[in-house]
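Notes for the structure review
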Amino acid sequence: MFDKVKVIEEYKNNFNSNFSEMIEMLRNGGKHLIMINSNSCFIFNKILLKLKRHGFNICIPKCKDIQDSLSLGGFLRKNINNNVFSREILILDFTNNLKYLYDDNVDLVNNINVNRDLFTLAYDNVIIISQQPEFYQILKYAYDFKTCVNYYFDTTKWFCSILSIPIIDLPSPASINRQIFDLRRNVDISNHDYSRLFDRISMIKKYDSSLFSQTYSEINNIEENSVRYLAIYFFIDRIINASNTPNNFDTKKKDLLGINYKLDYNMDICIYIFIKLARFYYNACEYIIAKNFFENALFAIIDSWENPSKEYVISFIECNIVVCEYMEKGNHNPELLIEKIKQKLSINKRNKPEYISNFENAYELLLRESLFHHSYPQHKDIFREIINIDDIDNTLFSIEEARNISLMWEHFIVSDFNTYINSEYEYNAPIYNVHNTILHMINLFVNGYYQDAKQCYKKADYLARSYGLINISMILRKINNNMVFFNHDTTPPI
């Protein structure tokens, strides 16, 4: 299990534990300055309701209240000698009520810093709630204020970026698609049956087990080896990408596994058949099956492939096998996994071409991003690094899909939960469609639209299970549990 998944899985218990610790601090008397990092109005509602249930008197000023006092300092000075106010908990909510009090974060940081002594002179207890960008700006630049804070409460980890450990792909050569195109186009008498069969395969949009059996039977009757391998490749590609429901996905898995894969390893097309199947079963959390297909591809490459970059491609496939083994064991030890990956990539260091080194560095970046839970500043750094990844893919190997998905998530996190749109990539592909739906769900919840977020969750989960992205569906359910936790028994603030 990934560390980040464990974080969101344990979020509810950690939230309650941290809140209990904060309540104990408030009850024990003394003057306390508390900072809460928040990224959803539901979190504010939950905290407010819990404080009220514990009998605390609360003051939540709005922008007008502070503006009427001319400044935050003026507002606090008014209440310094008022014993009634001192017994209240002052909540300065910069995620909602005071969100537009300052033009930018510089003014916010300066005002909080300069009034550091006034907070607890005016009130016994002050809670400052801010969003992630403001929270880290305050910690970084409000030097004097930071020394006065008694307790920090991070409530943002109710979701994580849903990134699987990246798998290095071997994109199919353009020559394969050209051969398929030529077969479909050539309608002379000798190839007429092939042409019709390939056309029927191209029309497969929805998965149907009966159609699968019938088509595969026709493919098996093809006597010419080169055409039969092309047909199997094309058929598997169409079946993997065919739409299905969660109910018939298991049947699709069994049907694909039932194909006779005792193919001629001397034909390169077998390698790409195995890679397609390995990636399909990896996404479906069938790690042993995925590993077996990667091993089949590896044997074929070692035995018959002729290419100057062969030794590097072998190490990349071995990395995929290591990842499958790691996922199958389910023991969370990311540093050990990274060490094993580095060992596989350590071949021929002195003579390694620059494009190979750049690819490996980008791969390790995406690997670490998928394995660990990161703070907001770390997400900003990762986003900058991913944006600057250039020319890491070539015709032999690729991590384009993992890079594109990472870019979507990192941009989303560092840009106030706005989705990323780049016309260079076809984000209408199934896996991008799932991730975009999840991002939309989080955006809705962050902005307080629970019912819409709930419907979006149902859509995202249905799509994930339909496309066979079982790992995504599993993590998505844990995030939904946290959304239910925050929405349950929560009333809007006064």
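Preceding this paragraph is the structure being described.
The sections below set out a description of the structure shown in this document. (Residues numbered from 1 in each chain as written. Predicted model: local features only at pLDDT ≥ 70, side-chain atom pairs only at ≥ 80, totals over all residues. Heavy atoms only, no water.)

1. Observations regarding the overall build of the protein chain
Which entries qualify depends on this criterion: Helix and strand assignments come from DSSP, with helices taken as H or I runs of at least 4 residues and strands as E runs of at least 2, each series counted from the N terminus. For the exposure calls, accessible area comes from a 1.4 Å probe over protein chains only, and a residue counts as buried if that area is under 20% of its type's maximum, exposed if over 50%, partly exposed in between. Between two residues, a contact is recorded if the distance between any of their heavy atoms is within 4.5 Å. Where accessible areas are quoted, they stem from the Shrake-Rupley method and a 1.4 Å probe; at the residue level, only the protein chains shown are allowed to cover.
The number of helices and strands found in the protein chain is 25 helices and 5 strands. On the principal axes, the C-alpha backbone points of the protein chain span a range of 100 × 55 × 40 Å. Taking all 494 residues of the protein chain together, 53% fall into the buried category. Contacts spanning at least 24 positions in sequence make up 77% of the contacts within the protein chain whose residues lie at least 6 apart. Surface exposure of the protein chain reaches about 23,100 Å², of which carbon and sulfur atoms provide 46%.

2. Topic: the packing of helix α16 (residues 269–283) against helix α17 (residues 287–304)
The cut-off we apply is this: Note on definitions: angles span 0 to 180 degrees between N-to-C directions of axes, and those axes are lines fitted to C-alpha atoms, for helices only across the stretch in contact. Each angle is binned into one of four classes, with values under 35 degrees roughly parallel, values over 145 roughly antiparallel, values of 65 to 115 roughly perpendicular, and all other values oblique. We call a crossing left-handed when the near helix sits turned anticlockwise from the far one by less than a right angle, and right-handed when that turn is clockwise. Charged means Asp, Glu, Lys or Arg here, nonpolar means Ala, Val, Leu, Ile, Met, Phe, Trp, Tyr, Cys or Pro, and polar covers whatever is left, Gly included.
Remark: α16 packs on α17, axes separated minimally by 8 Å, with the N-to-C direction vectors making an angle of 160°. Taken together, the axis directions place α16 and α17 in an arrangement best described as roughly antiparallel. Crossing geometry of α16 relative to α17 is assigned as left-handed. Of the residues in α17, those in contact with Ile271, Phe274, Ile275, Leu277, Ala278, Arg279, Tyr281 and Tyr282 of α16 are Tyr287, Ile289, Ala290, Phe293, Phe294, Asn296, Ala297, Ala300 and Ile301. Class assignment of the residues belonging to the contact of α16 with α17 gives a composition of 15 nonpolar, 1 polar and 1 charged.

3. Section: the pattern of salt bridges
Put simply, the rule is: What makes a salt bridge here is a side-chain nitrogen of Lys or Arg within 4 Å of a carboxyl oxygen of Asp or Glu, nothing more.
If you walk through the whole model with that rule in mind, you get 19 salt bridges. A salt bridge links aspartate 144 to arginine 116; its shortest N-O distance comes to 3.9 Å. Here aspartate 144, found in helix α10 (residues 143–146), pairs with arginine 116, found in the loop between α7 (105–114) and α8 (119–122); they are 28 residues apart in sequence, far enough to count as distant. Judged by its relative accessible area of 36%, aspartate 144 is partly exposed. The exposure class of arginine 116 is partly exposed, given its relative accessible area of 25%. Among the charged side chains, a network of salt bridges with common partners joins Asp169, Arg279 and Glu401.

4. Description of the side chain of lysine 291
For clarity, the threshold we go by: In protein, a polar contact means a hydrogen-donor-capable atom and an acceptor-capable atom, both N or O and within 3.5 Å, with residues adjacent in sequence counting only if both atoms are side-chain atoms; elsewhere, any N or O pair within 3.5 Å suffices.
By secondary structure assignment, the location of lysine 291 is in helix α17. Polar contacts involving the side chain of lysine 291 include one to the side chain of glutamate 325, which spans 3.1 Å. When sequence neighbours within four positions are dropped, the list of residues in contact with lysine 291 reads Ile321, Cys324 and Glu325.

5. Describing the pairing of strand β5 (residues 151–154)
Keep this limit in mind: Note: two strands are recorded as paired if DSSP finds a minimum of 2 bridges between them.
In β5, alternate side chains face the same way, and those of Tyr151 and Phe153 are buried while those of Tyr152 and Asp154 on the opposite face are not. Relative to β5, strand β1 (residues 32–37) is paired through 4 bridges, and the arrangement is parallel. Note that in β5 the partner of asparagine 37 across the bridge is aspartate 154.

6. Points about the sheet that holds strand β2 (residues 58–59)
Taken in spatial order, the 5 strands make up an open sheet running β2-β3-β4-β1-β5, and their pairing is parallel. The open sheet terminates on both sides in strands that have one partner only, identified here as β2 and β5. Sitting on the sheet, helix α2 (residues 11–27) is in contact with β1, β3 (89–93), β4 (125–130) and β5, with an inclination near 155° to β5. Helix α3 (residues 41–53) contacts β1, β2, β3 and β4 of the sheet and is inclined by roughly 175° relative to β3.

7. Some thoughts on the packing of α3 against helix α25 (residues 470–487)
Their axes nearest at 9 Å, the elements α3 and α25 cross at an angle of 45°. Between α3 and α25, the angle is such that the two are oblique. On α25, the residues touching Phe42, Ile43 and Lys46 of α3 are Phe485, Phe486 and Asn487. Class assignment of the residues belonging to the contact of α3 with α25 gives a composition of 4 nonpolar, 1 polar and 1 charged.

8. Re the packing of aromatic side chains
Operational definition: We call Phe, Tyr and Trp rings a pair once their centres come within 6.5 Å, taking the six-membered ring for Trp, and we label the pair stacked below 30 degrees between planes, edge-to-face above 60, and tilted otherwise. Whether a charge sits over a ring comes down to the Lys NZ or Arg CZ being within 6 Å of the ring centre and within 35 degrees of the ring normal.
Applying the stated criterion to the full structure yields 33 aromatic pairs. Plain terms: the ring middles of phenylalanine 15 and phenylalanine 486 are 5.2 Å apart, the flat faces sit at 85° to each other, and that makes the pair edge-to-face. You can see phenylalanine 15 sitting in helix α2 and its partner phenylalanine 486 sitting in helix α25, a full 471 residues away along the chain. Pair check on accessibility: phenylalanine 15 and phenylalanine 486 agree, each one buried. When the centroid spacing of 5.6 Å and the interplanar angle of 55° are considered together, the rings of phenylalanine 249 and phenylalanine 280 count as tilted. Taken together, the positions of phenylalanine 249 in helix α15 (residues 246–257) and phenylalanine 280 in helix α16 put the pair 31 residues apart, joining distant regions of the chain. A single burial state applies to phenylalanine 249 and to phenylalanine 280, both of which are buried. Of the aromatic side chains, those joined through ring pairs into one cluster are Phe42, Trp158, Phe159, Trp409, Phe412, Phe417, Phe445 and Tyr450. Across from the ring centre of phenylalanine 485, 4.5 Å away, lies the NZ or CZ of lysine 46, which sits over that ring.

Treat this as a map of the structure, not an account of what it does.
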